[in-house]
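Fold and contact review
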Amino acid sequence: MSQKTTNRPASAAALALALGAALTVAASPVLAADAAKEKCYGVAMKGKNDCKAGAGTSCAGSSMRDHQGNAWAYVPAGTCEKTASPTSPTGFGQLKEFKEKKA
Amino acid sequence: MNAGAFAAALLDRTAPCPPGLRSWNGSAVAQRFAVYRNNFAVSLVEALADSFPVLRELVGAAFFRTLADAYVRRVPPRSPALAWYGADFPDFVAAFPAASGVPYLADVARLEYVRILAFHAADAAPLPAAALAAALRKPEQLPALRLQLHPSIAVLASPFAVVSLWAAHQGLTAIAAVDPFRPECALVARCGDSVEVTAIPSAAVRFIAALQAGAVLGEAVAQAASPSASFDPAACLGLLIGRQLLAGPAGQQGGSP
């Protein structure tokens, strides 16, 4: 009688259904797919490294040498440490920057 | 020499060289000042071109230069951080008479600027899945649940197809297939290091804006629905959770190991 039911925010039951469904949506692999990239150091050719932060901050395309050890490029996740890098002590790209050896 | 006179002469290409300048090597001061004045404007026009690449492609390089040059002289930078230069460039574009024939330019520029803000926004640890599962176990408390959004999130509602126009200029869709006069809303947020632009329904814009304003979940859902557009909370929450755009409670998350 005195209980207000008008203007009431979404009900608890409706929210529980929505959140439950949302967790299912979020768990689907489609959404995860576009995150499947990793930063890979030592594999970018001179001037082809990734990175873009707007005016005054861009470091994309700023690497001076091929396979520069502190310049990175995005690669599909899992492929970085299988990509050959002549300057890398391991012989492959690395997930952290490294000190170049003589190629 | 006074700095105000120097600054005024810097912004007005027709102004004479301010008095009191000296050159260290005896070269012609007026000429050196003209070079400096030109570099000042050109570097800022280039900064705007870096920040608004899609706008530049839409209007063409020559028109963009004219537009940006007019802006630089009207609104010189107030901060030494060049990344944020151009916050009101979209408004300037909207009011620029020669650009009025293309009404969607300003909103495309707004989207580009919001992307820059998202890129530089603070990090936040995502809300752990366990916290959501725990919330779901107490459904009676869901309406009063307060969700924290990732600091990079911004929403933009436009009467124009800003998301499609932007995407077409990233090579993601064909520009010929875009009807610029179809209303679109954008969700802009940073996922990892990359800023994502996603088209969302207008109700989702109201929902996210309500959460940003501090509304609890129940209120935000109620504010999202409108007579003309129903709101699908599951889809919107799914998007936010999937992109890790719900943030954990402040101070509870340690750094990653």
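Calculation criteria
- Residues numbered from 1 in each chain as written.
- Chains lettered and ligands numbered in written order.
- Predicted model: local features only at pLDDT ≥ 70, side-chain atom pairs only at ≥ 80, totals over all residues.
- Heavy atoms only, no water.
- Helix = DSSP H or I, 4+ residues; strand = E, 2+ residues; numbered from the N terminus.
- Rg over C-alpha atoms; globule rule 2.2 N^0.38 Å.
- Buried < 20%, exposed > 50% of the residue type's maximum accessible area, 1.4 Å probe, protein only.
- Contact = heavy atoms within 4.5 Å.
- Areas by Shrake-Rupley, 256 points an atom, 1.4 Å probe, with all protein chains shown as cover.
- Lys, Arg positive; Asp, Glu negative; His and termini not counted.
- Charge placed at Lys NZ, Arg CZ, Asp CG, Glu CD.
- Polar contact = N/O pair within 3.5 Å; in protein donor to acceptor, adjacent residues only side chain to side chain.
- Nonpolar A, V, L, I, M, F, W, Y, C, P; charged D, E, K, R; others polar.
- Pairing = 2+ DSSP bridges.
- Axes fitted to C-alpha atoms, helices over the stretch in contact; angles between N-to-C directions.
- Core = buried A, V, L, I, M, F, W, Y, C linked by side-chain atoms within 4.5 Å.
- Phe/Tyr/Trp six-rings, centres within 6.5 Å; stacked < 30°, edge-to-face > 60°.

Quick look at the overall build of chain B
- Check the secondary structure of chain B and you find 11 helices and 5 strands.
- Relative to the globule expectation of 18 Å for 257 residues, the C-alpha radius of gyration of chain B, 23 Å, shows a markedly less compact shape.
- The 257 residues of chain B split such that 44% are buried.
- Within chain B, contacts between residues separated by at least 24 positions form 64% of all contacts whose residues are at least 6 apart in sequence.
- Just so you have it, chain B exposes about 12,900 Å², and 57% of that area is on carbon and sulfur atoms.
- Averaged over its 18 positive side-chain charges, chain B has a centre that lies 7 Å from the centre of its 17 negative ones.

A short note on the overall build of chain A
- Regarding its fold elements, chain A presents 2 helices and 2 strands.
- Ordering the α and β elements of chain A from the N terminus gives α-α-β-β.
- Contacts spanning at least 24 positions in sequence make up 49% of the contacts within chain A whose residues lie at least 6 apart.
- Carbon together with sulfur atoms contributes 59% to the accessible area of chain A, which is approximately 6,500 Å² in total.

Re the side chain of B:Asp69
- Note that B:Asp69 resides in helix H4 (residues 61–74).
- Only 3.0 Å separates the side chain of B:Asp69 from the side chain of B:Arg73, close enough to count as a polar contact.

A short note on the interface of chain A and chain B
- If you look at the interface, chain A gives 24 residues, while chain B gives 29 residues.
- On inspection of chain A and its partner chain B, the count reaches 1 residue pair in polar contact (both at pLDDT 80 or more).
- Sort the elements by how many residues they give to the side of chain A that touches chain B and helix H1 (residues 12–27) of chain A lands first, with 11 residues.
- For the side of chain A that touches chain B, a count of residues per class yields 16 nonpolar, 5 polar and 3 charged.

A few points about the sheet that holds strand E2 (residues 154–158) of chain B
All names here are of chain B.
- An order of E2-E3-E4 is seen for the 3 strands of this open sheet, with the pairing classed as antiparallel. At either margin of the open sheet sits one strand with a lone partner, and together these are E2 and strand E4 (194–200). Between one strand axis and the next, the sheet turns by 20° as a mean value, whatever way the strands run.
- Bridge analysis of strand E3 (residues 184–191) against E4 gives 7 bridges, and the strand direction is antiparallel. When the sheet's bridge partners are listed, Cys 185 is paired in E4 with Ile 200.
- Of the strands in this sheet, E2, E3 and E4 are in contact with helix H6 (residues 105–120), which crosses E3 at around 20°.
- Across the sheet, helix H9 (residues 202–212) is in contact with E2, E3 and E4; its angle to E2 comes to roughly 140°.

Quick look at the nonpolar core
- Counting residues in each nonpolar core, the largest one holds 37 residues, and the members touching the most others are B:Ile153, B:Ile200, B:Phe207, B:Ile208, B:Phe231, B:Leu240 and B:Leu246.
- At the level of secondary structure, the elements contributing two or more residues to this core comprise H1 of chain A together with helix H7 (129–137), E3, H9, helix H10 (217–224) and helix H11 (233–242) of chain B.
- Among the elements that line this core, the one with the most residues is H9(B), at 7 residues.
- B:Leu240 has contacts with B:Leu149, B:Ile153, B:Phe207, B:Ile208, B:Leu245 and B:Leu246, leaving out every residue within four places of it along the chain.
- Counting residues in hydrophobic clusters, the runner-up holds 29 residues, among them B:Leu10, B:Tyr71, B:Phe89 and B:Ala99.

Focus: the packing of aromatic side chains
Residues and elements named next belong to chain B.
- As enumerated under the stated definition, the model contains 14 aromatic pairs over all chains in all.
- Both rings, one in Phe 6 and one in Tyr 36, keep their centres 6.2 Å apart while their planes meet at 35°; by these two values the pair is tilted. On the criterion of sequence distance, the pair formed by Phe 6 in helix H1 (residues 3–11) and Tyr 36 in helix H2 (residues 29–51) is long-range, its members being 30 residues apart.
- Take Tyr 36: its relative accessible area is 45%, and that puts it in the partly exposed class.
- Judged by centre distance (6.1 Å) and plane angle (80°), the rings of Phe 64 and Phe 89 are edge-to-face. Within this pair, whereas Phe 64 is found in helix H4, its partner Phe 89 is found in helix H5 (residues 89–95), the two being separated by 25 residues in sequence. Here the two residues Phe 64 and Phe 89 agree in accessibility, since each one is buried.
- Grouping aromatic residues by their ring pairs yields a cluster made of Phe 52, Phe 63, Phe 64, Tyr 71, Tyr 85, Phe 89, Phe 92, Phe 96 and Tyr 113.

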